[in-house]
Amino acid sequence: MARTDIAIDPTMLTPTSMEAMANQATINIGIIGHVAHGKSALVKAITGTSTVRYKEELERNITIKLGYADAKIYKCNNPACPRPDCFKSYGSKMRVNPPCLRPSCGGTMELVRHVSFVDCPGHDVLMATMLNGAAVMDAAILLVAANEECPQPQTAEHLAAVETMKLENIIVVQNKTDLVTMDQATENHAQIQAFTQKTFAEKSPIIPTSAQLQFNIDAVVEHIYRSIPVPVRDFTSDPQMIVIRSFDINKPSDDISMLKGGVAGGSILKGVLTVGDTVEIRPGEVTRDENMQVRVRPLRTRIVSLHAESTKLQFAIPGGLIGAGTLLDPSLCRKNGLVGNVVGKPSSMPKVFAEITVSYKLLRRLLGVVGKDGARVTRLNKSENLLVNIGASSVFATVAAIKDDMAKLQLRRPACADIGESVAISRKVDQGFRLIGWAKIVKGKALRLEG
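Residues numbered from 1 in each chain as written. Predicted model: local features only at pLDDT ≥ 70, side-chain atom pairs only at ≥ 80, totals over all residues. Heavy atoms only, no water.

J.: Can you explain the overall build of the protein chain? Please cite residues and give values.
T.: Each helix and strand counted, the protein chain has eight helices and 23 strands in total. For 451 residues, the compact-globule estimate of 2.2 N^0.38 gives 22 Å, and the C-alpha radius of gyration of the protein chain, at 22 Å, lies within 12% of that figure. Taking the principal axes of its C-alpha atoms as reference, the protein chain extends roughly 75 × 60 × 45 Å. A buried classification covers 53% of the 451 residues belonging to the protein chain. Restricting the contact set of the protein chain to residue pairs at least 6 apart, pairs at least 24 apart contribute 71%. Carbon and sulfur atoms make up 49% of the accessible area of the protein chain, which amounts to about 20,700 Å² in all. (Helix = DSSP H or I, 4+ residues; strand = E, 2+ residues; numbered from the N terminus. Rg over C-alpha atoms; globule rule 2.2 N^0.38 Å. Buried < 20%, exposed > 50% of the residue type's maximum accessible area, 1.4 Å probe, protein only. Contact = heavy atoms within 4.5 Å. Areas by Shrake-Rupley, 256 points an atom, 1.4 Å probe, with all protein chains shown as cover.)

Dropping the structure here:
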């Protein structure tokens with residue numbers, strides 16, 4: 001039986017509280033960049049965990065779905081321990097104070113950060129998946145392969161995407177330096193500097209690495225600690241979690257008496273979730289009646305377990321990626337069925353909109369499209385079909401009206417959102433949807449909810 005009597009004082013919690021960091025990541029960092037530049041390899045070098053897990057990913061050696069892995073970052077307490085050797089990362093199971101492994105140091109490693117990494121696919125047709133991951137990022141690491149000219153198409157598109165989401169804390173990693181000469185690495189470094197001018201990454205450190213050889217990983221870890229500030233978190237509001245994955249943990253051979261409810265995975269935006277909490281999930285079940293009118297029934301359930309990777313939690317705080325076990329029918333969670341939903345306290349949930357009015361701004365040029373890179377982004381047209389990313393939800397939308405920099409969008413599927421929330425806008429170009437701009441929700445037409 002799950003505990004329901006857990007006493008928590010949210011006013012005493014911070015992202016660097018040892019009682020929080022010891023068990024759960026409190027910062028989310030996105031790993032972005034062009035396909036095959038070594039994003040998954042870098043995550044594995046830092047965390048010891050491979051994010052390439054699905055059969056098709058293993059066969060093609062690329063990331064297709066969002067990947068996740070946690071790492072604890074430590075700093076040696078011996079002042080004589082030189083940098084960057086005094087920094088070390090381990091998987092999330094490592095204890096709080098392991099010894100420093102540098103010969104003759106004698107110091108103790110102190111836990112200074114606990115980070116969740118969101119490994120984003122770099123293939124052009126998976127841009128919407130990358131934007132879903134951006135919804136929970138506090139910062140980003142942009143990978144650039146030293147053995148290719150910079151920028152490659154999705155290098156530019158991913159950087160534009162995180163700028164769209166107002167992610168100002170970016171570290172640039174020049175990977176695969178083991179495959180080039182010193183002169184080639186220097187030339188590539190200059191290309192990176194030119195590319196990042198007048199972007200959020202303009203003053204970001206550029207760290208040469210080889211993820212495969214574990215070269216300079218300690219320098220990357222040090223810069224995560226020094227260059228990415230601890231985000232401001234709200235621990236006292238009612239909890240709200242954005243779902244970026246969901247799944248059924250039962251096996252076909254399990255006896256019916258042993259079946260467990262579905263799991264919703266994501267990141268808490270504010271407040272504290274506790275085992276035993278009753279929560280609502282919006283939009284929940286979306287159907288159409290015989291007149292093709294949309295009907296929305298939020299789901300209500302109870303949190304019966306919380307996990308950060310394999311670590312069992314009694315409460316979960318903002319930041320990091322967590323899995324919330326529920327009493328939901330597991331078929332609702334199977335194959336990411338709840339992705340894009342919002343979990344929270346029933347009395348304080350955002351509204352569910354079928355139509356939103358946004359204030360938008362378009363990119364000047366199209367990015368990341370081979371043969372069309374740099375083409376001018378044309379204005380939105382009435383009745384045009386778009387793909388919009390609202391939180392972790394990718395929703396098709398039709399432009400119903402336009403006036404100046406305002407647009408009314410009719411959503412094909414309802415979305416749970418707050419007024420003022422950021423929206424990424426993508427347009428169909430050739431075979432896929434490509435990022436063309438961003439917006440903020442100004443107002444919306446809320447649906448009447450059933451149940």
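J.: Describe the sheet that holds strand E12 (residues 294-302), with residues and values.
T.: Neighbouring strands of a sheet are bound in pairs by backbone hydrogen bonds; such pairs are parallel or else antiparallel. Across the sheet, eight strands lie side by side as E12-E11-E17-E8-E9-E16-E13-E14; this open sheet has antiparallel pairing. Looking at strand neighbours, the two that pair on one side only are E12 and strand E14 (311-313), the edges of this open sheet. Each neighbouring strand pair of the sheet contributes to a mean axis angle of 35 degrees, computed without reference to strand direction. The pairing of strand E8 (residues 240-247) with strand E9 (residues 263-270) spans seven bridges and is classified as antiparallel. Of the residues in E9, the one forming a bridge with Gln240 is Lys270. (Pairing = 2+ DSSP bridges. Axes fitted to C-alpha atoms, helices over the stretch in contact; angles between N-to-C directions.)

J.: Would you mind going over the packing of aromatic side chains in detail, with residue names and values included?
T.: Enumeration over the complete set of coordinates arrives at three aromatic pairs. With centroids separated by 5.5 Å and ring planes inclined at 80 degrees, the aromatic side chains of Tyr74 and Tyr90 adopt a geometry described as edge-to-face. Of the two residues, Tyr74 is situated in strand E2 (residues 67-76) and Tyr90 in strand E3 (residues 87-91); the sequence distance between them amounts to 16 residues. Here Tyr74 matches Tyr90 in class, with each residue buried. The ring of Tyr90 carries Lys88 above its face, with NZ or CZ at 5.7 Å from the centroid. In this arrangement the basic side chain of Arg245 is found over the ring face of Tyr68, its NZ or CZ atom lying 4.3 Å from the centre. (Phe/Tyr/Trp six-rings, centres within 6.5 Å; stacked < 30°, edge-to-face > 60°. Lys NZ or Arg CZ within 6 Å of the ring centre and 35° of its normal.)

J.: Please provide a residue-by-residue account of the side chain of Asp119, values included.
T.: Within the fold, Asp119 resides in strand E4 (residues 109-119). Within the buried set, Asp119 has no salt-bridge partner at all; the shortest N-O distance to an opposite charge, 5.7 Å, is to Lys39. At 2.5 Å, the side chain of Asp119 and the side chain of Ser40 are in polar contact. (Lys, Arg positive; Asp, Glu negative; His and termini not counted. Salt bridge = Lys/Arg side-chain N within 4 Å of Asp/Glu carboxyl O. Polar contact = N/O pair within 3.5 Å; in protein donor to acceptor, adjacent residues only side chain to side chain.)

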